[in-house]
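Chain by chain, the residues run as shown.
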Amino acid sequence: MTTLEAARAVGPGLDRVDAPMKVTGRAPYPNDFSYPGLVHAALVHSTVAAGRIRAIDTSAAETAPGVQAVITHLTAPRMEPGPMTLLGASPPTPLQDDRILHHGQHIAIVVASGPEQARHAASLVRADYERTEPLLDVHDPRAPVVENPWGLDSDRGDVEAGFAAADVVVGGTFTTPDNTNNPLGLMSTVASWNGDSLTVHDSTQWPHNVRATLAAVFKVPESGIRVLAPYVGGGFGAGLRVWPHVILTVLAARQVGKPVKLVLTRPEMFTSVGHRPDSVQQIRIGATRAGDLTAITHEGLSSVAMEDDDYEPVSACSAVSYACPNVRTRDRQVRLNIPCPGSMRAPAEGQGNFALESALDELAHELGMDPVELRLRNYCEEHPLLGLPWSSKALRDCYLQGAERYGWSRRDPRPGSMRDGRWLVGYGMAGVSYPHYQVPCQARASVHRDGSADVRSAATDIGTGTYTIMTQLSAELLGLDVSRVHFDLGDSDMPYAPQAGGSGLTSALGNAVGAACRNLLREFLDVVKDDADSPLRGATPDGVSVSDGRIHLTGAPDRGESYTDMLVRHGLEELSADGRSTPPQPDGAGMATAGAFGAKFVEVRIDPDLGLLRVARVVSAIDGGRILNEKTATSQIVGGTVGGIGQAMFEETATDPGTGRIANATFGDYLVAVNADVPDMEVIFVGGPDRATPIGTKGVGEVGLVGVAAAVANAVHHATGRRIRSLPITIDQLL
């Protein structure tokens, strides 16, 4: 499979094309939309975590000023379950019975003329519960356990024999807490019905999934539903599913016969749109004195909601990261009375890498071996499970170039040996990978008589730079200046696109855009194939190149003509073409499709008396395949690293063990990394285009977070001699 050569449009750090809209306040986010006669909705939540609603009194709410409807499980119509999606089952449909499965569950929706009136009326709804004792702890023996939820448990070799052959065995229990996605933009939905036709503005990372889900739930044709999300105020995975509040907003709009807007509050974000589930991981690693791995076992236990599914195979990273002959991985989920978990940036890998890379650092310490050397010694050139060469892998260069840029050779390996004044100094590192993910995608490209181009697909840009890189890619493929290309997205009426998540959109969409642009060139050549006045008469796609708004014979730039001339001469206003991409298949390609790889190098400072922990410096060396825009890609790695610092040091969603209530559901109580916590960061990209796809890209949205927590914990051990196995790393652990 050939890979496109980089040209002037792709690669340079082009400023975001959507930046002027954002900085001037003209970018339309979902909660910015309105309609004539728009009314507002507010949610009512359960105040218990388990049981049934014995009675619900809505009389005071119904007579409150401005109230137009109060919908509960007693008055809601029967709605269908949401469909199975590429990411698993849809969350349970709301208001279908009297059962309570978690604290904060939506038990009613109130519609009123204004948002304050709706919120006031919602506070007047009273529910009487028949309570049962909630299950809230993964170690509760009463909680149902799901074994091998995704069929990914793996066995390679003989682990018992591997441990018997080991000279050194390390291991322990590693724990990670619930984290909550918390994008800056509150999730919002605006719904407007016109008969059986429906328009929805939603904070989604996947418009087509919203369309398909609403069609199934309300039993209306997909063709009559339009979902719009041209701008989304962040997501981090929170917008990947169609959550109950979206369905309730659409239901309310149908019930009152008016457009309805619902904007979640910050506390509602903690119970309504998913969270990273907690995990308990048992890991053991055996090795020879020379540092050759002999065996790994990795068992992950994570929480899941009572009647939902979530994809979090935390142990899976240990099956493919290193060239160890004997590996066993196991995953289990425990069903609890908690809000539905969901994907949060680097799902599963963010938790699993913390345990694996921390244990490897412990092994390196026990062996008296440099942590980088240990990883290089056990480097796997082929996919350990498939036995196929990777489509690309520059992880070795990530280790070597990252270590050189960081100054790793200055590290004194003795714990507690490095100081800066009264501060203890620690150096830590971690190897990083994120799995390949790509699904089918479609795009459409058009060139107009004025020589401009429109390219579109129903993807979303949640701040990652999709608008920009697809504009660049389209401009390169069509031979146009980027100022002449308009890329449009965020509309389910456009060609199908998958979710902005899993670090898979750039490859899926980029390959579809590439196919559409190449097909459009064929359309132009077909128009002039019998045109005696065209210097491109009889030319084939393999024999032409594009530049300056023209198609010309390769090697003969004077033998060609502009898009405008071809369209004018043939009486056409524009030409359009569709393109689609399909994910590569490892067996057919003879190689294992590779995700991104990387290495994280972190320096920490610790006050030995106060237990204060500061991250002083981070170097990220990343193999992200072909980088379409180094500026936006660097921004992704920096943003992911900030999220990793939050995971390592601050973020923990605290659930009251007696009631199931989330106790810190505000930004005043839920800590995230802020400017003062973010150090100097350096990002270097290594490697080249990936062989598995035409444009050669690999996603970098998630890989920036993976490994940060382990590298921080490893640096803490280097600074203090304390091995931290529980996140977040807090002052009390360091005193």
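In the block above lies the structure referred to throughout.
Residues numbered from 1 in each chain as written. Predicted model: local features only at pLDDT ≥ 70, side-chain atom pairs only at ≥ 80, totals over all residues. Heavy atoms only, no water.

Under the counting rule described, the total for this entry stands at four cavities of 30 Å³ or more. In this structure, the largest cavity occupies an estimated 100 Å³ of space. His436, Ala594, Gly595, Lys698 and Gly699 are the residues nearest the centre of the largest cavity, which is lined by 15 residues in total. Split by residue class, the lining of the largest cavity holds five nonpolar, eight polar and two charged. (1 Å grid on protein atoms, 1.4 Å probe; cavity = no way out; pocket = protein on both sides within 12 Å on 5 of 7 lines; lining within 4 Å. Points joined across faces, edges and corners; volume = space filled by probe spheres on them. Nonpolar A, V, L, I, M, F, W, Y, C, P; charged D, E, K, R; others polar.)

Time to look at the sheet that holds strand β6 (residues 126-131). Judged by pairing direction, the sheet is antiparallel, and its three strands sit side by side in the order β4-β2-β6 without closing on themselves. Each having just a single partner strand, β4 (99-100) and β6 make up the two edges of the open sheet. (Pairing = 2+ DSSP bridges. Helix = DSSP H or I, 4+ residues; strand = E, 2+ residues; numbered from the N terminus.)

Looking now at the nonpolar core. Ile285, Leu363 and Val712 are the most contacted members of the largest nonpolar core, which totals 72 residues. Looking at which element gives the most residues to this core, the answer is helix α17 (residues 708-720), with nine residues. Those residues in contact with Leu363, other than ones at most four positions away along the chain, are Val168, Val170, Ile285, Ala287, Leu293 and Leu374. Listed in part, the 48 residues of the second largest apolar core include Ala443, Ala445, Ala475 and Leu509. (Core = buried A, V, L, I, M, F, W, Y, C linked by side-chain atoms within 4.5 Å. Buried < 20%, exposed > 50% of the residue type's maximum accessible area, 1.4 Å probe, protein only. Contact = heavy atoms within 4.5 Å.)

What follows is about the pattern of salt bridges. Applying the stated criterion across every chain yields a total of 36 salt bridges. Arg328 is the partner of Glu160 in a salt bridge, and the nearest nitrogen-oxygen pair spans 3.7 Å. Residue Glu160 is found in helix α4 (residues 159-164), and its partner Arg328 is found in strand β16 (residues 327-336); the two are separated by 168 residues along the sequence. The class for Glu160 is partly exposed, based on a relative accessible area of 48%. The exposure class assigned to Arg328 is partly exposed, which follows from its relative accessible area of 22%. Its salt-bridge partner being Arg626, residue Glu476 comes within 3.2 Å of it at the nearest N-O pair. Of this pair, Glu476 sits in helix α12 (residues 466-478) while Arg626 sits in the loop between β27 (613-623) and α16 (630-649), placing them 150 residues apart in sequence. We note that Glu476, like Arg626, is buried. (Salt bridge = Lys/Arg side-chain N within 4 Å of Asp/Glu carboxyl O.)

This part is about helix α9 (residues 349-367). For α9, built from 19 residues, the straight-helix expectation of 27 Å at 1.5 Å per residue is met to within 8% by its first-to-last C-alpha distance of 26 Å. Within α9, 17 of the 19 residues are buried, which leaves it mostly tucked inside the rest of the structure. Two residues or fewer after α9 comes Gly368, characterised by a positive phi angle close to 65°. (Expected span 1.5 Å × (residues − 1).)

All right, on to a nonpolar patch on the surface then. A cluster of nonpolar side chains, namely Leu184, Phe667, Val672 and Val674, defines an oily patch on the protein surface of about 370 Å² accessible area. Mapped onto the elements of the fold, Phe667 is located in the loop between α16 and β28 (680-685). (Patch = residues over 30% accessible without salt bridge, like charges linked within 9 Å, V, L, I, M, F, W, Y side chains within 5 Å. Areas by Shrake-Rupley, 256 points an atom, 1.4 Å probe, with all protein chains shown as cover.)

Attention shifts here to unusual backbone geometry. Across the junction of Leu727 and Pro728, the peptide omega takes the value -10°, indicating a cis bond. Among the structural elements, Pro728 can be located in the loop between α17 and α18 (731-734).

The next subject is the environment of Gly350. For Gly350, the position within the fold is in helix α9. In the structure, Gly350 is positioned 55 residues away from Arg405 in sequence and 24 Å away in space, judged by C-alpha atoms. In this structure, Gly350 is in contact with Arg276, Gln647 and Leu705, ignoring residues within four places of it in sequence.

What follows is about the packing of α9 against α17. The N-to-C vectors of α9 and α17 enclose an angle of 30°; their axes lie 8 Å apart at closest approach. Taken as axis vectors, α9 and α17 run roughly parallel relative to one another. Relative to α17, α9 is oriented so that their crossing is right-handed. Contacts between α9 and α17 involve Asn353, Phe354, Glu357, Ser358, Asp361 and His365 from the former and Ala709, Ala710, Ala713, Asn714 and His717 from the latter. For the contact of α9 with α17, the per-class residue count stands at four nonpolar, five polar and two charged. (Axes fitted to C-alpha atoms, helices over the stretch in contact; angles between N-to-C directions. Parallel < 35°, antiparallel > 145°, perpendicular 65-115°, else oblique. Left-handed = near helix turned anticlockwise from the far one by under 90°.)

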